[in-house]
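This is what each chain is made of:
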Amino acid sequence: MSVPYLYKDKRTGVYYFRKVLNKEQQTVIGKKEIYKSLGTKSPREAKELCIDYAAEVNKELRKLAPKPFDPIKAWAKVNFPGQQVGDTLPIRYVTTNEEEPFHSFNDVYNMLKQEKQFKPATVSAYDAIIKEFPHSSNDIRKISKETIRQYKNELLAKSYSSITVNGRINTLSGVFNYALNHEFIENNPCDGLKMKIVKTDDSRIAYTEDDLNAILAKIKDFKGTTQEYRYWIIILSMYTGARAEEICGLLKPDIKKDCDTWYIDIHRNVKNYSSIRKVPIHPDIIALGFIDYVNSRESLLWDLNTKKARVSNSMVQWYSKNISVDMIKDDRKTFHSFRHTFKQKCREADIHSDVHDRLSGHAAPNAGAKYGDYPLSVLSEAIGKLRFPQF
């Protein structure tokens, strides 16, 4: 049996009474909401207590005209476990913009965040999705399955991949499930709307020579402008196969020289221990003036927001909107395709798999490969064999 105003704190398992007041009641009482612990973890006991307390609260609310509502009076008439004389009634504030009180989608999302204590990276990712959801300020009860279906179609019309669309719907679904569990809504409008994805081995593929020529032609004029950092991020990603987060997380001190070999010391924002490595800088990149660019910078190599949970997000999103979408029609080709392209170039140059695994930061394929490491001279020789389009 569903009991109105009954709420369970998932962290502690304790049940609460919760009633949002309408504007007339708020004006008289001076509070937005009545929120009180029922002092029990037993569902059966909580339901009985909630029903009793709700009856007393509603009885007092009906007496608002002659005198102010006294929540303590209602509280005193119900026999709660562990009740102490003089217990006060804690209040939580809920913003409401209509005569009928409601929880907006944003309200519920904020409750979920507070209760779950997500990691900063998760909060950052969720915040970005919720911010772009056009119905986030709406009464959550009025967001229908048709509303979510239209939102999904809008995302698809913007050329978002099915994986991205599913990720967004899944994030929204988590908020609706929270609302469902707390009886703010009766069903989850996201149910049944995720897209079926057939997983294949070619979800991401390498760029062709024509693709690389088109990309290089697009970014060549960035040198000497405020966009120059984007130019070098793309060039380094192409020539090293490093992950976007690894490249975008580089600082000036990470560009080093050992004897005559310039290399990148990749140790920040890495995926795992195997990803910590030294990657020699290709002679083409030196010839293009990368070292001059590095010397012109302070401590930061790139003009990216380093306070973000994932520093590469803005760069990857910019690339998708301004480079990839404009010129490359295959949605399997993304920023991550530079990594696939690097591996393909290594195979074309007949570089041993153990060597290009080390260069790209892939884990050793067997126990034997984990012993020892390749000297910088061997890695530099391998890098020098790679051939990319010239411009």
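Counting from 1, residues in each chain are numbered in the order their sequence is written. Residues qualify for local features only when their pLDDT is at least 70, as the model is predicted, and side-chain atom pairs are given and counted only at 80 or more; totals for whole chains, interfaces and linings, by contrast, use all residues. The basis for the side-chain values is all heavy atoms of the structure; hydrogens and waters are excluded.

Let's talk about the sheet that holds strand 4 (residues 255-258)
With respect to topology, 3 strands assemble into an open sheet ordered 4-5-6, the strand pairing being antiparallel. The sheet terminates laterally at strand 4 and strand 6 (277-280), the two strands that pair on one side only. Within this sheet the neighbouring strands show an average axis-to-axis angle of 40 degrees, counted without direction. The pairing criterion is simple: DSSP has to find at least two bridges between the two strands. Counting from the N terminus, the helices are the DSSP runs of H or I reaching at least four residues and the strands are the DSSP runs of E reaching at least two. Two strands pair when backbone bridges link them, and strand 4 and strand 5 (residues 261-266) are joined in this way by 4 bridges, in the antiparallel orientation. Of the residues in strand 5, the one forming a bridge with D258 is T261. Helix axes use the C-alpha atoms of the stretch in contact, all axes being lines fitted to C-alpha atoms, and the angles between their N-to-C directions lie in the range 0 to 180 degrees.

Considerations on unusual backbone geometry
Most peptide bonds take the trans configuration, and most residues that are not glycine carry a negative phi. A positive phi is found at S159, a non-glycine position, where the angle reads about 70 degrees. For S159, the location among the structural elements is in the loop between helix 6 (145-157) and helix 7 (162-181). A positive phi is found at C259, a non-glycine position, where the angle reads about 60 degrees. Note that C259 resides in the loop between strand 4 and strand 5. Exposure is judged per residue with a 1.4 Å probe applied to protein chains only, and the accessible area is read against the type maximum: over 50% gives exposed, under 20% gives buried, and values in between give partly exposed. Looking at C259, the relative accessible area reads 68%, which means it is exposed.

Remarks on the side chain of R243
Examined against the element boundaries, R243 turns out to sit in the loop between helix 9 (228-240) and helix 10 (244-248). A polar contact is formed between the side chain of R243 and the side chain of E246, at a distance of 2.8 Å. Those residues in contact with R243 that sit more than four places away from it in its chain are K271, S275, R277, R339, S360, G361 and H362. Counting of polar contacts relies on pairs of N or O atoms within 3.5 Å, with two restrictions inside protein: one atom must be capable of donating a hydrogen and the other of accepting it, and residues adjacent in sequence are counted only when both atoms are side-chain atoms. By definition in these notes, contact holds between two residues if any of their heavy atoms fall within 4.5 Å.

So, the sheet that holds strand 1 (residues 6-8)
Read across the open sheet, the 3 strands follow the order 1-2-3; overall the sheet is antiparallel. With one partner strand each, in any of the chains shown, strand 1 and strand 3 (33-37) form the two edges of the open sheet. Ignoring strand direction, the axes of neighbouring strands in this sheet form an average angle of 30 degrees. Across 3 bridges, the pairing between strand 1 and strand 2 (residues 15-20) is antiparallel. In the sheet register, Y7 faces strand 2, and the bridge partner there is Y16.

What to know about the pattern of salt bridges
Any carboxyl oxygen of Asp or Glu that lies within 4 Å of a side-chain nitrogen of Lys or Arg is treated as forming a salt bridge with it. Applying the stated criterion across every chain yields a total of 13 salt bridges. Across the pair E132 and R168 runs a salt bridge, and its minimum N-O distance is 2.8 Å. Of the two residues, E132 sits in helix 5 (residues 120-132) while R168 sits in helix 7, which places them 36 residues apart along the sequence. Judged by its relative accessible area of 45%, E132 is partly exposed. Note that K345 and E209 form a salt bridge whose closest N and O atoms lie 2.4 Å from each other.

Section: the nonpolar core
Within the largest apolar cluster, 51 residues are counted, with the highest numbers of intra-cluster contacts made by F290 and W302. With 9 residues, the single largest contributor to this core is helix 9. W302 has contacts with Y229, W232, I233, L236, I247, C248, L250, F290, Y293 and R297, leaving out every residue within four places of it along the chain. The definition of a nonpolar core used throughout is a set of buried Ala, Val, Leu, Ile, Met, Phe, Trp, Tyr and Cys residues joined through side-chain atoms within 4.5 Å. Among the nonpolar cores identified, the runner-up in size contains 27 residues, and Y7, V14, I169 and F184 belong to it.

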